[in-house]
Amino acid sequence: MLKLELVLQGTGLSPAESGVNNYVLSHVDDLMHMTIRSLAEACYTTPTTVIRYCRKIGYSGFEEFKIRIRQDLSRYDFESYSIRRAEKPVEVINKLRVMHADVISKTVDLISIGQLEAIVRRIREASVVDIIAFDVNAALADYASQYFFQVGKICNVYEDINQQLMLAMYARPQGPRDFHSLALGSLPAGAEGVPAAEGQPAVCRGGDGAAGG
């Protein structure tokens, strides 16, 4: 799902990623006909930066980004979000309020109740929860881990790719219901060994070692 606030405000993007973001917002109609290399050249950066940008704003990779970005951006009323130099602070605050409300509303529309119930059920059954996360999601995972500890569940957050690969290779559950992993956000290239399908933020390993829903 497109992280609209990140695209509009640019917070959390590196200088190189911000350059890609600015180009995307100014040339969204041209993106469908561009390759990852041509976009990188237009932004004076590398294809690796373009891929990292695509994943950071909510897509699994460049191909999904190229296909969906124009449609996803067209769903939003940018006049409601555009902040102009002469606007007063209260007007800026109101526009931020509208943007947040719109993003939350569209997020709710995309939520699968069945999947959410399955995740809650499997977390409830587990005694250990490992969370695989990147970037802003890692900060959210750290925050969530405190609440898991409060209800008596051990919670580990794996942000470093090497730790994630070690988890995939050596973690072995001791019983049928004592270990679950969550993946938040899209996994980077080379992380196929991590126990989650690329780009699928879901419960990804059950106590029997099989992929979960």
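Everything numeric in this text was worked out from a predicted model, so none of it was measured.

Draft legend 1. Structural detail: helix α6 (residues 89-110). Its 22 residues give α6 an end-to-end C-alpha distance of 32 Å, which sits within 8% of 32 Å, the value for a rise of 1.5 Å per residue. Along α6, the residues classified as buried are Lys 95, Met 99, Asp 102 and Lys 106. One side of α6 carries all its buried residues, which in axial view fall inside an arc of 65 degrees. Opposite the buried face of α6, by more than 90 degrees, sit the exposed residues Pro 89, Ile 93, Arg 97 and Ile 104.

Draft legend 2. Expanded view of the packing of aromatic side chains. Enumeration over the complete set of coordinates arrives at 4 aromatic pairs. Their ring planes at 65 degrees and their centres at 6.0 Å tell us that Tyr 59 and Phe 65 sit as a pair that is edge-to-face. Taking relative accessible area as the criterion, Tyr 59 reaches 0% and is therefore assigned buried. Residue classification places Phe 65 among the buried positions, given a relative accessible area of 0%. Among the aromatic residues, those joined into a cluster by ring pairs are Tyr 53, Tyr 59, Phe 62 and Phe 65.

Draft legend 3. Quick look at the pairing of strand β2 (residues 154-158). Summarising the sheet, strand β1 (residues 128-133) and β2 pair through 5 bridges and their orientation is parallel. Directly across from Asp 130, in β2, lies its bridge partner Asn 156.

Draft legend 4. Inspection of a nonpolar patch on the surface at higher detail. The grouping of Ile 104, Val 108, Ile 111, Ile 113, Leu 116 and Val 120 at the surface amounts to a nonpolar patch, some 530 Å² of accessible area in total. Residue assignment for the nonpolar patch shows that the elements contributing at least two residues are α6 and α7 (113-125). Sort the elements by how many residues they give to the nonpolar patch and α7 lands first, with 3 residues. Relative to the helices and strands, Val 108 resides in helix α6.

So, how was this worked out
Residues numbered from 1 in each chain as written. Predicted model: local features only at pLDDT ≥ 70, side-chain atom pairs only at ≥ 80, totals over all residues. Heavy atoms only, no water. Helix = DSSP H or I, 4+ residues; strand = E, 2+ residues; numbered from the N terminus. Expected span 1.5 Å × (residues − 1). Buried < 20%, exposed > 50% of the residue type's maximum accessible area, 1.4 Å probe, protein only. Arc of directions from axis to C-beta. Phe/Tyr/Trp six-rings, centres within 6.5 Å; stacked < 30°, edge-to-face > 60°. Pairing = 2+ DSSP bridges. Patch = residues over 30% accessible without salt bridge, like charges linked within 9 Å, V, L, I, M, F, W, Y side chains within 5 Å. Areas by Shrake-Rupley, 256 points an atom, 1.4 Å probe, with all protein chains shown as cover. Salt bridge = Lys/Arg side-chain N within 4 Å of Asp/Glu carboxyl O.

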